[in-house]
Amino acid sequence: SPVSILSESASYCCSNETGSVIFIPKNYRGARRGLRELVLHECAHSFLNFKERVKDLKYVQAAFGKLEDGNYIFYRVSAFLHYFKEREPGYCSGYAMTSPEEDFAETFSFVLCNINSRKNWSFGGEVIDFENDYILQTKINVIKRVLRLD
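Throughout what follows, the structure given in this document is the object of discussion.

Cut-offs and rules
Residues numbered from 1 in each chain as written. Predicted model: local features only at pLDDT ≥ 70, side-chain atom pairs only at ≥ 80, totals over all residues. Heavy atoms only, no water. Helix = DSSP H or I, 4+ residues; strand = E, 2+ residues; numbered from the N terminus. Buried < 20%, exposed > 50% of the residue type's maximum accessible area, 1.4 Å probe, protein only. Contact = heavy atoms within 4.5 Å. Areas by Shrake-Rupley, 256 points an atom, 1.4 Å probe, with all protein chains shown as cover. Core = buried A, V, L, I, M, F, W, Y, C linked by side-chain atoms within 4.5 Å. Expected span 1.5 Å × (residues − 1). Salt bridge = Lys/Arg side-chain N within 4 Å of Asp/Glu carboxyl O.

## A look at the overall build of the protein chain
- For the protein chain, the helix and strand inventory stands at 7 helices and 4 strands.
- Going from N to C terminus, the protein chain has its helices and strands arranged as α-β-β-α-α-α-α-α-β-β-α.
- When each of the 150 residues of the protein chain is scored for burial, the buried share is 39%.
- Within the protein chain, counting contacts between residues at least 6 apart in sequence, those at least 24 apart form 57% of the total.
- Here the protein chain has roughly 9200 Å² of accessible surface; of this, 52% comes from carbon and sulfur atoms.

Below is the structure:
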C-alpha cells in the first residue's frame, strides 16, 4: 500500500467520504518547518478533499494549475527532489514546486501562518519578500478568497 512506502518521518493526510486522518509521526523534529506549518499543510489537503468544488474554480486553476491526485510513486520521487531545492519566484517553498496540490497546500499553510503579519512573512525558516513576486501575490490572494479572509 502507498502508506507503507512512507518513511516514519513523513506526514500525510488520508481522506474518504466519511472523514480525514492526518498522520504526524511522534518523532517529527521539523527540520525545515515548524509543527504549525506542517499541520496546516496537511489540513489544506483535507480541505481540498471536502471542498471538491474549490478544485474546479477557474481562478484557483489559473493560479495553481489543475488540482488532482497524480501517480503516487512519481509524487514521492518528485517530492524528495524538490524538498531540498531552493525556492523559486512564484512559490513559498521548494516543496511547493512538487505539484499543483502541494503548491496549494504550502501556500494555504503559508497564508494561515502569517495571517496576522503585516510584513516579513516567513515560512520554513525563510523570510519571504513577495512584494515584487506577483505570481506568489496572486496565489496568496486566491487562498484568502477561497477561505473568505479578504
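## Some remarks on the nonpolar core
- In this structure, V54, V60, F64, F104 and F110 are the most contacted members of the largest nonpolar core, which totals 22 residues.
- Mapped by element, the contributors of at least two residues to this core are α2 (35–50), α4 (58–64), α6 (100–113), β3 (121–123) and α7 (134–146).
- For F104, the contacting residues outside a window of four places in its chain are A44, F47, L48, V54, V60, F64, L67 and I143.

## Some remarks on α2
- In a regular helix each residue adds 1.5 Å, so 16 residues correspond to 22 Å; α2 covers 23 Å between its end C-alpha atoms and thus fits that length.
- Contacts made by the buried residues of α2 are with β1 (12–16), β2 (19–23), α3 (52–56), α6, β3 and α7.

## Description of the environment of N49
- With respect to the helices, strands and loops of the structure, N49 is situated in helix α2.
- If we skip the residues at most four places from it in the chain, N49 touches C13, S15 and K55.

## Topic: the pattern of salt bridges
- Summed over all chains, the structure comprises 3 salt bridges.
- Between K55 and E52 there is a salt bridge, and its shortest N-O distance comes to 3.7 Å. Note that K55 and E52 are positioned in helix α3 at a spacing of 3 residues, about one turn of the helix.
- Residue E52 is classed as partly exposed on the basis of its relative accessible area, which comes to 43%.
- Put simply, K139 and D103 hold a salt bridge, and the shortest N to O gap is 2.6 Å. Of this pair, K139 sits in helix α7 while D103 is found in helix α6, placing the two residues 36 residues apart along the sequence.

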